[in-house]
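Coordinate analysis (summary)
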Amino acid sequence: MRYQPEDDRRRQQYDMMTTTCLDGKFDPNMTHSCDLQCLGPLTFHPRAVGHEIRLSEGGRRAQRAEDTFKGGVVFTSRPVKTHERIRVLVEKRVPHWQGAMRVGFTNVPPLTRSLPLPPIAVPNLTEISGHWATIVPESCCQEGSVLEFWVTDDGHICLKFQNSEKQKIEAEVDVRKPLWAMIDVYGQTCSIFLLGSKTKGFLFKRTSCPTLDPLTRQPSSLKPDSTTQREKSDDCISCRSMEIPADDRCVVCMTREADITLPCGHRCL
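Residues numbered from 1 in each chain as written. Predicted model: local features only at pLDDT ≥ 70, side-chain atom pairs only at ≥ 80, totals over all residues. Heavy atoms only, no water.

For the chain, the name recorded in an unreviewed UniProt entry is NHR domain-containing protein, with Poecilia formosa as its organism.

In structure tokens, the structure reads:
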């Protein structure tokens, strides 16, 4: 996904959010203004995290230590709406554990929680009033899998996996109070990436901002380019540069095409 000029305002708002999060000064209740199609930024809450979790990429990646199956509970930084589909990418799994990710919702604000958090969501949290969660099957948590989950107006939890019909889990989620999404990076699931959220409005679809992919690099750039190494002359470098539009060149070497998407949305390296 390439950065587009019309995303300026969203990028600036997200840069501010990311910087304050990394500085440890992130306020999950910070005001946000965007267009009517925007649901606002969506990250994991920087404070209310399991003791085995490490957050990165502006609070959108949650990675649990691989030498344990627990201690991986995280919450969204802001309340979510009914029918707001939270999209989660499974980045890494370790097969030597049993069980996989758990997802759900809570009425308890993350900032009011005392640390350390309970080690697992089911049953440690679900036995406490104001918490609801369901187990995601191991087969649906393979690396590269994308899960969507949301809560309905009548308090049921819905799951949707890639190329499959949605599943409705009977629950009694209290939708009369604000709800935060809750994810337990449990068992075989040890790293997830929050892709954002979306909801279908009456007139148009709304999405969280920014809707960016995790930091990626094209596979070819992981290997030395022998052709480039041979092209040492200024004439060759000039020729390669002319073939690549100026906006697409790496801002460092100015000769190769930029192929890394940064968390802020730029692709410049």
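**Some points on the nonpolar core**
Residues Met 101, Phe 105, Phe 149 and Ile 183 are the most contacted members of the largest nonpolar core, which totals 31 residues. Secondary structure elements with two or more residues in this core: β1 (44-49), β5 (85-93), β6 (102-106), β8 (146-151), β9 (157-161), β11 (180-184) and β12 (189-200). If we ignore the near neighbours within four places in the chain, the residues touching Phe 149 are Glu 84, Arg 85, Ile 86, Val 88, Val 103, Gly 104, Phe 105, Cys 158, Leu 159, Ala 181, Met 182 and Ile 183. By size, the runner-up hydrophobic cluster in this structure holds seven residues, among which are Ala 48, Val 73, Leu 117 and Ala 121. (Core = buried A, V, L, I, M, F, W, Y, C linked by side-chain atoms within 4.5 Å. Buried < 20%, exposed > 50% of the residue type's maximum accessible area, 1.4 Å probe, protein only. Helix = DSSP H or I, 4+ residues; strand = E, 2+ residues; numbered from the N terminus. Contact = heavy atoms within 4.5 Å.)

**Some words on the side chain of Thr 152**
With respect to the helices and strands, Thr 152 occurs in the loop between β8 and β9. In contact with Thr 152, other than residues within four places in its own chain, are Thr 82, His 83, Cys 158 and Val 175.

**Here we look at the sheet that holds β6**
Strand order in the open sheet formed by five strands is β1-β4-β11-β6-β7, with antiparallel pairing between adjacent strands. At either end of the open sheet lies a strand with only one pairing partner, and these are β1 and β7 (131-135). For this sheet, the mean inter-axis angle between neighbouring strands, taken without regard to orientation, is 25°. (Pairing = 2+ DSSP bridges. Axes fitted to C-alpha atoms, helices over the stretch in contact; angles between N-to-C directions.)

**Quick word on the side chain of Glu 84**
As for its placement among the helices and strands, Glu 84 is situated in the loop between β4 (73-76) and β5. A polar atom in the side chain of Glu 84 sits 2.9 Å from the backbone nitrogen of Lys 81. Within the structure, the side chain of Glu 84 is placed 2.6 Å from the side chain of Ser 197, a separation counted as a polar contact. The contacts of Glu 84, once residues within four sequence positions are left out, are Leu 39, Arg 78, Phe 149, Trp 150, Ser 197, Lys 198 and Thr 199. (Polar contact = N/O pair within 3.5 Å; in protein donor to acceptor, adjacent residues only side chain to side chain.)

**A short note on unusual backbone geometry**
Between Leu 115 and Pro 116 the backbone carries a cis peptide bond, its omega angle lying at 0°. One can find Pro 116 in the loop between β6 and β7. At the junction of Val 122 and Pro 123, the peptide bond is cis and its omega measures out at 10° in the coordinates. Relative to the assigned elements, Pro 123 resides in the loop between β6 and β7. Backbone geometry places Glu 57, a non-glycine residue, at a positive phi of 50°. When you line up the elements, Glu 57 lands in the loop between β2 (53-56) and β3 (61-64). Even without a glycine there, the phi angle at His 83 is positive, about 70°. Tracing the sequence through the fold places His 83 in the loop between β4 and β5.

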